[in-house]
Amino acid sequence: MTDKIRVVTTNKQKKVKIPTGMRMLVRRCCNAVLKLEQFEGSAEISVTFVDNEEIHKLNLQYRNIDSATDVLSFPLGENGKYDVDPTTGAKMLGDVVISMEKAVDQAELYGHSLQREVGYLTAHSVLHLLGYDHETGLDRVHMREKEELVMEQLGLPASSSYVIDDN
């Protein structure tokens, strides 16, 4: 029996049109990370799309960093212990907040699709919700390997970022 993964996506910005299939991609990404990490039990993750102004406010409020960033993670668990939604029994992993403006800029900068960028940011953030950190070199390498593995599983490998578009 497969455990239920509930991903609640909310769009709180009007600067970037959310492409068709983006919410499904985010759900697939969350599922792929949890499967990779052999997460047991049902889980709930909240993913919110915001603009640069909103993520700037959150970054300042919660991290004391006075600038916009691409993604923020707000884990609800600690050391593998999570609050449980009393109505569903699902472990509440936390919130992911993605700046769609930053995602568009970074997709352009790295020369890949917006889908790849949002997928990557989602995978990165869900790993944070599961307790991963990238403050030290080795942790950063492990995290990057896992992110790329998930991207490959979803058909969004890094090699696509090196395609030269002649248009």
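A. Representation of the packing of helix α1 (residues 22–36) against helix α4 (residues 114–129) within the structure. Two elements in contact, α1 and α4, have axes whose closest approach is 9 Å; the angle formed by their N-to-C orientations is 40°. On the basis of their axis angle, the class for α1 and α4 is oblique. In this structure, α1 crosses over α4, and the sense of that crossing is right-handed. Here Met22, Leu25, Val26, Cys29, Cys30, Val33 and Leu34 of α1 come into contact with α4, specifically with Leu114, Gln115, Val118, Gly119, Thr122, Ala123, Val126 and Leu127. Of the residues assigned to the contact of α1 with α4, the class counts are twelve nonpolar, three polar and no charged.

B. Seen up close, the pairing of strand β1 (residues 5–11). Pairing between β1 and strand β2 (residues 43–50): seven bridges, direction parallel. Bridge assignment links Val7 to a residue of β2, and that residue is Ile45.

C. Main features of the packing of aromatic side chains. The tally for this structure, following the rule as stated, stands at two aromatic pairs. Geometrically, the ring pair formed by Phe39 and Tyr82 is edge-to-face, given 5.9 Å between the ring centres and 65° between the ring planes. Remark: Tyr82 occurs in the loop between β3 (71–75) and β4 (83–84) and Phe39 occurs in the loop between α1 and β2; sequence separation between them is 43 residues. Both residues of the pair, Phe39 and Tyr82, belong to the buried class.

D. Main features of the environment of Cys30. Inspection of the secondary structure puts Cys30 in helix α1. On the accessibility criterion, Cys30 (0% relative accessible area) is buried. When neighbours within four sequence positions are excluded, Cys30 is seen to be in contact with Val7, Ile45, Val47, Thr122 and Val126.

E. Quick peek at the state of the cysteines. Summed over the entire model, instances satisfying the criterion amount to zero disulfides. In this model Cys29 remains outside any disulfide bridge; the closest cysteine sulfur is found in Cys30, 6.5 Å from its own. For Cys29, a relative accessible area of 0% translates into the label buried.

F. The arrangement of the confidence of the model for the protein in detail. Taken over all residues, the pLDDT of the protein has a mean of 91, while the share at 70 or more is 93%. Every residue in residues 160–167 is under pLDDT 50, and counting partners more than four places away or in other chains gives seven contacts.

G. Quick look at the nonpolar core. Leu34, Ile45, Val47, Phe49, Leu93, Ile98 and Val118 are the most contacted members of the largest nonpolar core, which has 38 residues in total. Every element with two or more residues in this core is listed here: β1, α1, β2, β5 (91–99), α3 (100–110), α4 and α5 (137–153). Each residue touching Val118, except ones within four places of it in the same chain, is listed here: Met22, Val26, Phe49, Ile98, Met100 and Ala103.

H. How the structure looks around the packing of α3 against α4. Following both chains from N to C, one finds α3 and α4 inclined at 120°, their axes separated by 8 Å at the closest point. As far as their axial angle goes, α4 and α3 are oblique. Judged by the sense of rotation from one axis to the other, the crossing of α3 with α4 is right-handed. Facing Met100, Ala103, Val104, Gln106, Ala107 and Tyr110 of α3, the residues of α4 in contact are Leu114, Glu117, Val118 and Leu121. Its residues placed into classes, the contact of α3 with α4 shows eight nonpolar, one polar and one charged.

What counts, and where the lines are drawn
- Residues numbered from 1 in each chain as written.
- Predicted model: local features only at pLDDT ≥ 70, side-chain atom pairs only at ≥ 80, totals over all residues.
- Heavy atoms only, no water.
- Axes fitted to C-alpha atoms, helices over the stretch in contact; angles between N-to-C directions.
- Helix = DSSP H or I, 4+ residues; strand = E, 2+ residues; numbered from the N terminus.
- Parallel < 35°, antiparallel > 145°, perpendicular 65-115°, else oblique.
- Left-handed = near helix turned anticlockwise from the far one by under 90°.
- Contact = heavy atoms within 4.5 Å.
- Nonpolar A, V, L, I, M, F, W, Y, C, P; charged D, E, K, R; others polar.
- Pairing = 2+ DSSP bridges.
- Phe/Tyr/Trp six-rings, centres within 6.5 Å; stacked < 30°, edge-to-face > 60°.
- Buried < 20%, exposed > 50% of the residue type's maximum accessible area, 1.4 Å probe, protein only.
- Disulfide = S-S within 2.5 Å.
- pLDDT = per-residue confidence, 0-100.
- Core = buried A, V, L, I, M, F, W, Y, C linked by side-chain atoms within 4.5 Å.

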